[in-house]
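Architecture at a glance
Read off the chains here:
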Amino acid sequence: MDALAALSDASAVLSDASAVLSDGPAVLSDAPSAPAASAHLRPVLTELRLSAFASHRGAAFPFGPVTLLAGASGSGKSQVLGAYEALAGLGSGAALEEVFPEPSALVPERAVPDADRRRGFRIGCTVDGPVGPVRLDLAVQAEPALRVVGERLSVDGEVLLSTALRDPGRRSVQAAWLTGGAVAVTRAPLPDDRLGTALLPLRVAGATAGQRRVLAAAEQAVIALRSVFACDPRPDRMRAPVPPGEGRLLGDCANLADVLRRTRHECGTRHALLARAARTGCAGEVAGLDVRAPAGGPVTALLDRGPGLPATELGRLGTGELRFLALALVLLTGPGVLAVEPATELPSARQALTVLADGLDRDLDRRQCDELLRLALMACGRGHVRLVAAVGEECAGAARRLPGVSVVDLTP
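I will try to describe carefully the structure that is included in this document.

Cut-offs and rules
Residues numbered from 1 in each chain as written. Predicted model: local features only at pLDDT ≥ 70, side-chain atom pairs only at ≥ 80, totals over all residues. Heavy atoms only, no water. Pairing = 2+ DSSP bridges. Helix = DSSP H or I, 4+ residues; strand = E, 2+ residues; numbered from the N terminus. Axes fitted to C-alpha atoms, helices over the stretch in contact; angles between N-to-C directions. Contact = heavy atoms within 4.5 Å. Parallel < 35°, antiparallel > 145°, perpendicular 65-115°, else oblique. Left-handed = near helix turned anticlockwise from the far one by under 90°. Core = buried A, V, L, I, M, F, W, Y, C linked by side-chain atoms within 4.5 Å. Buried < 20%, exposed > 50% of the residue type's maximum accessible area, 1.4 Å probe, protein only. Polar contact = N/O pair within 3.5 Å; in protein donor to acceptor, adjacent residues only side chain to side chain. Salt bridge = Lys/Arg side-chain N within 4 Å of Asp/Glu carboxyl O.

1. Quick word on the sheet that holds strand β4 (residues 119-128)
Pairing between the strands of a sheet comes from backbone hydrogen bonds, and it takes one of two forms, parallel or antiparallel. Pairing within the open sheet is antiparallel, and its eight strands lie in the order β2-β1-β4-β5-β6-β7-β8-β9. The open sheet is flanked by β2 (56-62) and β9 (185-191), the only strands paired with a single partner. Strand-to-strand twist of the sheet, defined as the mean angle between neighbouring strand axes without regard to direction, takes the value 15°. Summarising the sheet, β4 and strand β5 (residues 134-143) pair through nine bridges and their orientation is antiparallel. What sits directly across from R122, in β5, is A139. Packed onto the sheet, helix α2 (residues 77-91) meets β1 (44-53), β2, β4 and β5 and runs at close to 110° relative to β1. Packed on one face of the sheet, helix α4 (residues 196-203) meets β5, β6 (147-155), β7 (158-164), β8 (172-178) and β9 and runs near 120° to β9.

2. Some points on the packing of α2 against helix α5 (residues 209-226)
Between α2 and α5, the least distance of the axes is 8 Å, while the angle of their chain directions is 120°. Here α5 runs oblique to α2, going by the angle between their axes. The two elements α2 and α5 cross, and the hand of that crossing is left-handed. Here α2 contributes L87, A88 and G91 to the contact with α5, which in turn contributes V222, L225 and R226.

3. A word on the nonpolar core
In terms of nonpolar packing, the biggest core is built from 67 residues, with L48, F53, F63 and F100 touching the most fellow members. In this view, F53 contacts Q79, A83, F100, L106, P108, F121, R122 and I123; residues no more than four positions away in its chain are not counted. Counting 59 residues, the second largest nonpolar core, distinct from the first, contains V66, V330, A376 and C395.

4. Some points on the side chain of D252
Its location among the elements puts D252 in the loop between α6 (235-238) and α7 (256-266). One polar contact links D252 to R237, side chain to side chain, over a distance of 2.9 Å. In contact with D252, other than residues within four places in its own chain, are D232, P233, R234, R237 and M238.

5. Looking at the pattern of salt bridges
Under the counting rule described, the total for this entry stands at 24 salt bridges. Put simply, D258 and R261 hold a salt bridge, and the shortest N to O gap is 2.7 Å. Highlighted residues: D258 and R261, both in helix α7, separated by three residues, approximately one helical turn. A residue is classified by how much of its surface remains accessible, and D258, at 2% relative accessible area, is buried. The shortest N-O distance in the salt bridge between R262 and E266 comes to 3.0 Å. Taken together, the positions of R262 and E266, both in helix α7 and four residues apart, correspond to about one turn of that helix. Sharing partners across several salt bridges, the network here consists of E47, R49, R135, D137 and R152.

Below, the structure is given as structure tokens:
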């Protein structure tokens, strides 16, 4: 029985599979295939599939340059972002237990264990880029032990990699990937706690046309998944002065002051754009953004109030103002300023960073939301930054009137 199909049923039977994650015959062919045309020069994730994940069943979410997830409370917006972030972690080489610390909570509520007490979940995505749309699907056993039971990587209907759990007593899956030439398929065990696609560049030599197709698809998927920055600014951690560091913004933005110290000296244009945005997002007169950094001492960020007026420490700002400044900084910068490790296989000009923001409009007023959306459209319009964010109904309503913003409504 197909392991993925087993997971899609409420009984979630996890059985042996030779063609997992397939809606049809999963044939590994060495026949040449025509390259798929694509409008994306940079690898980007264009669809997330939650076939059986938490409260989602058979769901698919399309992503554009600026995508807002809307819906009532409990509709699963945070689960969508969590699944995206988990795939990003797996694409970066993390183990299952690192990205799924509470796997049982991700099993569909009505999934009934099989005779061996096994239950699991399924997720997948499509990554578009120079190779064309690459589909990656993953079946994960959550109980009684967390492990991969099946994975499939395909392009234009051709399966380039498939894995299946054949012996539950071994901590490995049997993998088969396209080789071409005298040997059509290479079979070998892979760890059952890692994403096989992320391991292929270390296992495939690229000596044949088939191997090169496998590598190109795998690398496109990995590059897109690694280029992700999950951001949820925490104003309570942003108010106090911070020690000087390397100036790379953390996901909670606690070191905002240190990053502003760096952008002020190294990224004059972006720093000026952020100061301009602060005039809209912060109350009172704002002439600029400054820092106070005594030699060897902590760094304090300041709002310059103009000639003759004392500067305001960021610690005195409201919660919404701090969240606005942090999110604006994220949208206006790039991987070099954010704490993210993009793939080294391509230069930065050939990669697109995707920002994940849960509660983008949390604690913000209408004016601040409008300005963030304006910044998002400006930054994402150049192609090097993308945004996927969960928002409330008011922000979603305003965004629906903006060309270039995709609003995905999760309300049943």
